Amino acid sequence: MSEKTIAFIGGGNMARSLIGGLVADGHPPAALRAAEPDAERREALISDYGIQGFEDNATAVRGADAVILAVKPGELAGVARQLGGQIRDQQSLVISIAAGVRSPNIAEWLGGDVPVVRAMPNTPALIQTGATALFANPSVGPEQRDLAETTLRAAGMVVWLPDETQMDAVTALSGSGPAYFFLTMEAMQAAAERLGLDSDTARLLTLETALGAARMALEASEEPALLRRRVTSPGGTTAAALAELEGGDLAGLYERALRAAAGRAHELGDELGAQ
Ligand SMILES: NC(=O)C1=CN([C@@H]2O[C@H](COP(=O)(O)OP(=O)(O)OC[C@H]3O[C@@H](n4cnc5c(N)ncnc54)[C@H](O)[C@@H]3O)[C@@H](O)[C@H]2O)C=CC1
Ligand SMILES: O=C(O)[C@@H]1CCC=N1
């Protein structure tokens, strides 16, 4: 694991997940920094992970090899404009995890020809099972590309996108995706409770089933559709359930959900890029 200094601007949910993943992967906590205005969040990061915490963004960024912009999309322009001069002087790599906001806008706010990697991670990064897509602008050199990849790989798997426009679809799929699975778990548990199971049993069986299915789909050489058919005995219980899910147009529902998320990411890019 690299010992490069990485400064997070914003120490909220996603920064915490990435910091947790980096520390668990062996990145020295002393080489990790977070600038977070909320004292409670900042102190929690310091005490939970032993990293350095700062109230002031510019102090956190001083001398950092990479600066991860982990504020809400609407805060990004202000933060980038504030830190651009310093980042250009010390030639740090900038990694933005903000949904929707496009790399040419980020580079412009930073003041010009700055290496920017856009990343779309997800919260399972906290337990090193994250999935991240990366896109590098033309100013990112091979060493900085490696630094971005190593940093995000500490939190799980990484793919590079050849085309930044694909980032909206990735945001809809894997960025927001954990929430879709959590909602499914909530719905399955609640349904099982209504069928008469106590909540602990319903919860445990729901979560273990989700884990088993995900691991099987990842580790098996067969497609999920084939794995599904193996569970589904003709005229049996699974067929009865799947008929309900298909009757409710589950596939169409997912398509509409992902289109809504990708559309929102695109809208954010348009709205915030015009600042
Ligand atoms: N939560 C998620 O699952 C994912 C979030 N993202 C992106 O990550 C970014 C952060 O999202 P979350 O962590 O969920 O939000 P959050 O609200 O939990 O974290 C943002 C943090 O930034 C801090 N902050 C606000 N203004 C600041 C400033 N000027 N300087 C320094 N820090 C400042 C806030 O106090 C807050 O703790 C967003 O841009 C989001 O699109 C990307 C992938 C997944
Ligand atoms: O909901 C959001 O906007 C962020 C981006 C992907 C996951 N959370």
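Rules behind the numbers
Residues numbered from 1 in each chain as written. Chains lettered and ligands numbered in written order. Predicted model: local features only at pLDDT ≥ 70, side-chain atom pairs only at ≥ 80, totals over all residues. Heavy atoms only, no water. UniProt positions renumbered as here; feature names shortened; annotations may be inferred. Patch = residues over 30% accessible without salt bridge, like charges linked within 9 Å, V, L, I, M, F, W, Y side chains within 5 Å. Areas by Shrake-Rupley, 256 points an atom, 1.4 Å probe, with all protein chains shown as cover. Salt bridge = Lys/Arg side-chain N within 4 Å of Asp/Glu carboxyl O. Helix = DSSP H or I, 4+ residues; strand = E, 2+ residues; numbered from the N terminus. Near = heavy atom within 4 Å. Polar contact = N/O pair within 3.5 Å; in protein donor to acceptor, adjacent residues only side chain to side chain. Nonpolar A, V, L, I, M, F, W, Y, C, P; charged D, E, K, R; others polar. Buried < 20%, exposed > 50% of the residue type's maximum accessible area, 1.4 Å probe, protein only. Pairing = 2+ DSSP bridges. Right-handed = clockwise from strand over helix to strand, strands pointing away. Expected span 1.5 Å × (residues − 1). Arc of directions from axis to C-beta.

The name that an unreviewed UniProt entry assigns to the protein chain is Pyrroline-5-carboxylate reductase, with the source organism given as Spiribacter pallidus. What UniProt states about the protein chain under its Function (unreviewed entry) heading is, verbatim, "Catalyzes the reduction of 1-pyrroline-5-carboxylate (PCA) to L-proline." In the Subcellular location (unreviewed entry) part of its UniProt record, the protein chain is described as follows: "Cytoplasm".

**Student:** Lay out a nonpolar patch on the surface in plain terms, naming residues and giving numbers.
**Tutor:** A cluster of nonpolar side chains, namely Leu245, Leu250, Leu253 and Tyr254, defines an oily patch on the protein surface of about 330 Å² accessible area. Following the sequence through the fold, Leu250 ends up in helix H12 (residues 250–273).

**Student:** Could you give me a rundown of the UniProt feature "domain: Pyrroline-5-carboxylate reductase catalytic N-terminal" (unreviewed entry) in the protein chain, with the residues and numbers involved?
**Tutor:** As annotated by UniProt and renumbered to match this structure, "domain: Pyrroline-5-carboxylate reductase catalytic N-terminal" (unreviewed entry) occupies residues 5–100. Spanning residues 5–100, this segment combines 45% helix with 20% strand, and its end C-alpha atoms are found 26 Å apart.

**Student:** Before we move on, could you go through the site of ligand 1 and cite the residues and values that matter?
**Tutor:** Contacts to ligand 1 come from 22 residues, most closely from Asn13, Met14, Glu36, Arg41 and Val71. Here an oxygen atom of ligand 1 and a backbone polar atom of Asn13 are 2.9 Å apart. In this structure, Glu36 approaches ligand 1 through a side-chain N or O atom, which is 2.6 Å from an oxygen atom. Among the residues making up the shell around ligand 1, the classes are represented as 13 nonpolar, five polar and four charged.

**Student:** An account of the side chain of Arg118 is needed here, citing residue identities and associated values.
**Tutor:** Structurally, Arg118 can be placed in strand S6 (residues 116–120). Among the polar contacts listed, one links the side chain of Arg118 to the side chain of Glu164, at a separation of 2.8 Å.

**Student:** Provide a residue-level description of the pairing of strand S5 (residues 93–96), including the pertinent values.
**Tutor:** Side chains Leu93 and Ile95 of S5 all project onto a buried face; the interleaved residues Val94 and Ser96 project onto the opposite face, where all are buried too. With four bridges joining them, strand S4 (residues 66–69) and S5 adopt parallel strand pairing. Across the sheet, the residue bridging to Val67 is Val94, located in S5. Remark: the S4/helix H4 (residues 76–90)/S5 crossover connection has right-handed handedness. Relative to S6, S5 runs parallel, the two being bridged by three bridges. Note that in S6 the partner of Ile95 across the bridge is Val117. Chirality of the crossover, the property in question, places the unit of S5, helix H5 (residues 103–110) and S6 among those that are right-handed.

**Student:** Pulling in residues and values, what's your account of the UniProt feature "domain: Pyrroline-5-carboxylate reductase dimerisation" (unreviewed entry) in the protein chain?
**Tutor:** The UniProt entry lists residues 164–268 under the feature "domain: Pyrroline-5-carboxylate reductase dimerisation" (unreviewed entry), expressed in the numbering used here. Summarising residues 164–268: 82% helix, 0% strand, and an end-to-end C-alpha distance of 14 Å.

**Student:** Which residues make up helix H6 (residues 142–153), and what values do they have?
**Tutor:** In an α-helix, one full turn covers 3.6 residues, which means residues spaced three or four apart are oriented alike. If you check H6, its first and last C-alpha atoms are 16 Å apart, about what 12 residues at 1.5 Å a residue would give, namely 16 Å. Here H6 has its buried residues at Gln144, Leu147, Ala148, Thr151 and Leu152. Down the axis of H6, the buried set is contained in an arc of 115 degrees. They therefore lie on one face. The outward face of H6, more than 90 degrees from its buried face, is lined by the exposed residues Pro142 and Glu143.

**Student:** Before we move on, can you summarise the pattern of salt bridges with the specific residues and values?
**Tutor:** Tallying each qualifying case throughout the model produces 10 salt bridges. Measuring nitrogen to oxygen at the nearest pair gives 2.8 Å for the salt bridge that ties Glu164 to Arg118. On the criterion of sequence distance, the pair formed by Glu164 in the loop between strand S8 (156–160) and helix H7 (167–175) and Arg118 in strand S6 is long-range, its members being 46 residues apart. The burial state of Glu164 is the same as that of Arg118; both residues are buried. Here Arg215 and Glu219 are joined by a salt bridge, their closest N and O atoms 3.2 Å apart. In this pair, Arg215 and Glu219 are both assigned in helix H9 (residues 199–219), four residues apart and thus about one turn of the helix distant.

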